[in-house]
Amino acid sequence: MSRAANRGRSRIPMAVTLLTLVFLYTPLIIVGIASFNASKYGGRWTGFTFKWYEQLFHSSQIWEALCTTLFIALVSTFFSTVLGVVTALALYRCKGRIRNLLSALAYSPLVVPDILLGISLLLLFVTLISVCGNWVNRIFGVQLELGMTTIIIAHITFCMSYVTMVVLGRLQEFDRSLIDAAHDLGANAFQTFFKVTLPVISPGVVAGALFAFTLSIDDFVITFFVKGAGDTTLPIYIQSAMRRGAPAVINALSVIFLILTFILVFVTQKLLEKKK
C-alpha cells in the first residue's frame, strides 16, 4: 500500500514539470509554424512558404537595427564582464558585514523590476544632461543627449550583476591554496591573477559574458526608456513592426533568434559544468 502511494506521489513532480514545459514551449512551436504560413497575419493555414524569411533577409531596416543591437551588446558585454569579474573578486575576498552590503548593492539590479530600473536611469540621465550639458558643450563641444551612450551605460548596469553572480559561483569552488602557492613561488598579484586565478575561473567568465550578451540583445524595457530619438535596436524595431501589422516577418525573425538563444544557452551550460 505504501509502495503504491510512493509511486503515485513520485509521478506528480514529473507531471507538473511536463505540463510546465508544454505550457512554455507550445507558444514557441506555434511561432515557428506560423513563420512558414503563407498567411500574413497567421491564423488559418493557407500554405507553406519561405517568403517571410526572404523578406527578412532583404529588409535593410532589420539589418540596421541588428547592427545597432550587436554593437551595443558587444560593448556592454565587454565592460560588464570586466566590472563583473572585478566585483566578484572583491566579494570573494571580503568578509563580514561589508561583504553583505556589497552583495546587496551588486545584486540589486537582479531583483529590481526592469520598468523601475529604466525609469530610474532615465531620470538620472536627464538630470545629468540638464546639469552638465551646457558645461560639457562649452568646454568639449559635445552635446549631451539620450542615445547610444546612455543605452550602453544602462545595459552595463544590469548585465554586470549577472556576470558577478556567475563568476562568484565559480569562485566558490576555487582553491585558495593555489594563490598561496603562487605567492610562495615568487609571483606577484598581477601574475597570480592572469596565470592562476583567471584560467581557473575562465569558464565562469565566458559563461557570464555570454549571459550578458544574450540579455543585452533581448532587452526592450530599459532600452525603451533610455534610447534617443533615432536609436532603434532590434527589440524596439520588433515592437514597432508588430504595431504596424507585420507579424509574419517578425515570426521568421523570432525563429532565428530562438535558435541563436538556444545555442548560447547550451554553450553557457556546458561552460558552467564542473570539470571532471
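Above this text is the structure in question.
Draft legend 1. Examining the overall build of the protein more closely. Secondary structure assignment for the protein yields 11 helices and zero strands. Secondary structure elements of the protein occur, N-terminal to C-terminal, as α-α-α-α-α-α-α-α-α-α-α. Sorting the 276 residues of the protein into buried and exposed places 36% on the buried side. Within the protein, contacts between residues at least 6 apart in sequence are counted, and of these 74% link residues at least 24 apart. Summed over its atoms, the accessible surface of the protein is roughly 17100 Å², and 69% of this surface lies on carbon and sulfur atoms.

Draft legend 2. Highlighting the packing of helix α4 (residues 97-111) against helix α6 (residues 148-171). Where α4 contacts α6, the axes come no closer than 7 Å and their chain directions differ by 125°. Accordingly, the angle class assigned to the pair α4 and α6 is oblique. Considering how the two elements wind past one another, α4 and α6 form a crossing that is left-handed. In contact with Arg99, Ala106, Tyr107, Pro109 and Leu110 of α4, α6 contributes Thr157, Phe158, Ser161, Tyr162, Thr164, Met165 and Leu168. In the contact of α4 with α6, the residues fall into eight nonpolar, three polar and one charged.

Draft legend 3. Highlighting the packing of aromatic side chains. With the rule as written, the count across this model stands at 10 aromatic pairs. Linked through ring pairs, Phe36, Phe48, Phe50 and Tyr53 together constitute an aromatic cluster.

Draft legend 4. Layout of the side chain of Asp231. Secondary-structure assignment places Asp231 in the loop between α9 (221-226) and α10 (234-244). Of the buried charged residues, Asp231 lacks a salt bridge, with Lys227 as the closest side chain of opposite charge at 7.0 Å. Looking at Asp231, its side chain comes within polar contact range of the main-chain nitrogen of Gly228, at 3.1 Å. With residues up to four places along the chain from it excluded, the contact list for Asp231 reads Leu146, Gly147, Met148 and Ile151.

Draft legend 5. View of the layout of surface pockets. A volume near 540 Å³ is recorded for the largest pocket. Lining of the largest pocket is provided by 23 residues; of these, Ile217, Leu234, Leu253, Phe257 and Thr261 occupy positions nearest its centre. Of all the secondary-structure elements, those providing two or more residues to the lining of the largest pocket are α2 (51-57), α3 (60-93), α8 (189-218), α10 and α11 (247-272). Looking at the lining of the largest pocket element by element, the count peaks at eight residues for α11. The residue makeup of the lining of the largest pocket, split by class, is 18 nonpolar, four polar and one charged.

Draft legend 6. Region of interest: a nonpolar patch on the surface. A surface patch of nonpolar side chains, about 1100 Å² in accessible area, is lined by Met14, Leu18, Leu21, Leu24, Tyr25, Ile29, Ile33, Trp45, Phe48, Phe50 and Phe262. Here the nonpolar patch gets seven residues from one element, more than from any other, and that element is helix α1 (residues 2-34). Among the secondary structure elements, Leu18 is positioned in helix α1.

Draft legend 7. Region of interest: the nonpolar core. Ranked by size, the top nonpolar core spans 31 residues in total, and within it Leu121, Val167 and Leu171 carry the most contacts. Take this core: its biggest share by element is 11 residues, from α6. Residues within four places of Leu121 in sequence aside, it is in contact with Ala154, Thr157, Ile222 and Val226.

Draft legend 8. Here's a closer look at empty space enclosed by the protein. Counted by the stated rule, this structure contains one cavity of 30 Å³ or more. In this structure, the largest cavity encloses a volume near 30 Å³. Around the largest cavity, the lining residues are Thr69, Ile72, His155, Ser216, Ile217, Asp219, Thr223, Thr233 and Pro235. Sorting the residues of the lining of the largest cavity by element identifies α3 and α8 as the ones contributing at least two each. A class-by-class count of the residues in the lining of the largest cavity yields three nonpolar, five polar and one charged.

Draft legend 9. Focus on the packing of α6 against α8. Where α6 contacts α8, the two axes come as close as 8 Å, and the packing angle between them is 155°. Of the possible angle classes, the one that applies to α6 and α8 is roughly antiparallel. When the axes of α6 and α8 are compared, the crossing they make is right-handed. Here His155, Phe158, Cys159, Tyr162, Val163, Met165, Val166, Val167, Arg170 and Leu171 of α6 lie close against α8, whose contacting residues are Val200, Ile201, Pro203, Gly204, Val205, Ala207, Gly208, Phe211, Ala212, Leu215 and Ser216. Partitioned by chemical class, the residues of the contact of α6 with α8 number 16 nonpolar, four polar and one charged.

Draft legend 10. Focus on the environment of Ala106. Mapped onto the fold, Ala106 is located in helix α4. With 52 residues separating them in the primary sequence, Ala106 and Phe158 have C-alpha atoms 9.4 Å apart. Setting aside its immediate chain neighbours within four residues, Ala106 contacts Thr87, Leu91 and Ser161.

What counts, and where the lines are drawn
- Residues numbered from 1 in each chain as written.
- Predicted model: local features only at pLDDT ≥ 70, side-chain atom pairs only at ≥ 80, totals over all residues.
- Heavy atoms only, no water.
- Helix = DSSP H or I, 4+ residues; strand = E, 2+ residues; numbered from the N terminus.
- Buried < 20%, exposed > 50% of the residue type's maximum accessible area, 1.4 Å probe, protein only.
- Contact = heavy atoms within 4.5 Å.
- Areas by Shrake-Rupley, 256 points an atom, 1.4 Å probe, with all protein chains shown as cover.
- Axes fitted to C-alpha atoms, helices over the stretch in contact; angles between N-to-C directions.
- Parallel < 35°, antiparallel > 145°, perpendicular 65-115°, else oblique.
- Left-handed = near helix turned anticlockwise from the far one by under 90°.
- Nonpolar A, V, L, I, M, F, W, Y, C, P; charged D, E, K, R; others polar.
- Phe/Tyr/Trp six-rings, centres within 6.5 Å; stacked < 30°, edge-to-face > 60°.
- Lys, Arg positive; Asp, Glu negative; His and termini not counted.
- Salt bridge = Lys/Arg side-chain N within 4 Å of Asp/Glu carboxyl O.
- Polar contact = N/O pair within 3.5 Å; in protein donor to acceptor, adjacent residues only side chain to side chain.
- 1 Å grid on protein atoms, 1.4 Å probe; cavity = no way out; pocket = protein on both sides within 12 Å on 5 of 7 lines; lining within 4 Å.
- Points joined across faces, edges and corners; volume = space filled by probe spheres on them.
- Patch = residues over 30% accessible without salt bridge, like charges linked within 9 Å, V, L, I, M, F, W, Y side chains within 5 Å.
- Core = buried A, V, L, I, M, F, W, Y, C linked by side-chain atoms within 4.5 Å.

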